[in-house]
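Commentary on secondary and tertiary structure
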Amino acid sequence: MVRKILTFPHPILKTPTNKVDVIDKEIETLVKDMFETMYHAEGVGLAANQIGESLSLMVIDTKPKRESPPLKLVLINPEVVHAEGSLSYREGCLSFPGLTIEVPRYNKLRVRAMDLEGEEREYELEGFPAIVFQHEMDHLMGITFLDRVNGLKRRLALEKYSKLQKQKA
Ligand code: ZN
């Protein structure tokens, strides 16, 4: 089922998510909904709290960006084990429709998460997939890409976003 994506400044986006205790039918359905919602919105990553479920769970599929090979992941209770290098990329966010911000990120990550079978796994991510992971990881901690920039950059982004919101209204 395609769910409604909550947009800034919805308070759930500012709240750190809770760990997933058990992977049950509800979690399986939620993951299915998250993929459907993400594909429908033409995104490459989605965090559970973006559709109103305050749980530490994200999905990623880099296929729409023609990454090769495309990477499709379900990450439950994810954490960063190691991070290095840096790059920046002009990111978009499904919770800030129309807005893009250039955000500094790590280039290379080693991350650990549970998969849908409940297995703990580690993944090496580099470049674009690493950016997507960090963007979604921020969501799970109650942080948005707006919090990753300061001063003038942040002010301009906020002005742009409120203009976009007014055009929509
Ligand atoms: Zn986002």
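About the thresholds
Residues numbered from 1 in each chain as written. Predicted model: local features only at pLDDT ≥ 70, side-chain atom pairs only at ≥ 80, totals over all residues. Heavy atoms only, no water. Helix = DSSP H or I, 4+ residues; strand = E, 2+ residues; numbered from the N terminus. Expected span 1.5 Å × (residues − 1). Buried < 20%, exposed > 50% of the residue type's maximum accessible area, 1.4 Å probe, protein only. Pairing = 2+ DSSP bridges. Axes fitted to C-alpha atoms, helices over the stretch in contact; angles between N-to-C directions. Contact = heavy atoms within 4.5 Å. 1 Å grid on protein atoms, 1.4 Å probe; cavity = no way out; pocket = protein on both sides within 12 Å on 5 of 7 lines; lining within 4 Å. Points joined across faces, edges and corners; volume = space filled by probe spheres on them. Nonpolar A, V, L, I, M, F, W, Y, C, P; charged D, E, K, R; others polar. Donors = N, O, S within 2.8 Å, 3.2 Å for Na, K, Ca; no water.

**Considering helix 1 (residues 25-40)**
Here helix 1 contains 16 residues, and its C-alpha end-to-end distance of 22 Å stays within 8% of the 22 Å for a straight helix at 1.5 Å per residue. Burial in helix 1 covers these residues: Ile-27, Leu-30, Val-31, Asp-33, Met-34, Phe-35, Thr-37 and Met-38. Just past helix 1, the residue Glu-42 takes up positive phi, approximately 60 degrees.

**Some words on the sheet that holds strand 1 (residues 45-47)**
Taking strand neighbours across the sheet as the criterion, the five strands line up as 1-2-3-6-7 in an open arrangement whose pairing is antiparallel. Two strands lie at the open edges of the sheet, namely strand 1 and strand 7 (120-126), each paired on one side alone. The sheet shows a mean angle of 40 degrees between the axes of neighbouring strands, direction not considered. Bridge count between strand 3 (residues 72-84) and strand 6 (residues 108-114): six bridges; the pairing is antiparallel. Within strand 6, the position partnered with Glu-79 by the bridge is Arg-112. In this fold helix 1 packs onto strand 1, strand 2 (57-61) and strand 3, with an angle of close to 40 degrees to the strand it touches most, strand 2. Along the sheet, helix 2 (residues 128-140) makes contact with strand 1, strand 2, strand 3, strand 6 and strand 7, crossing strand 2 at roughly 155 degrees.

**Notes on the layout of surface pockets**
Counted as a void, the largest pocket has a volume near 400 Å³. As for the largest pocket, its lining consists of 25 residues, and the residues nearest its centre are Gly-43, Val-44, Glu-91, Gly-92 and Cys-93. Put simply, the parts of the chain that give the lining of the largest pocket at least two residues each are strand 4 (87-92) and helix 2. A class-by-class count of the residues in the lining of the largest pocket yields twelve nonpolar, eight polar and five charged. In this model, the second largest pocket occupies a volume close to 220 Å³. Lining of the second largest pocket is provided by Val-80, Ala-83, Ser-86, Pro-104, Arg-105, Tyr-106, Leu-109, Gln-134, Met-137, Asp-138, Met-141 and Arg-148.

**Focus on the coordination of the zinc ion**
Coordination of the zinc ion by the protein comes from Cys-93 (SG), His-135 (NE2) and His-139 (NE2), over a distance range of 2.0 to 2.2 Å. Counting along the primary sequence, the residues that act as donors to the zinc ion give the motif C-x41-H-x3-H. Of this pair, Cys-93 sits in the loop between strand 4 and strand 5 (100-105) while His-135 sits in helix 2, placing them 42 residues apart in sequence.

Spatial relationships are all this shows, so hold off on functional conclusions.
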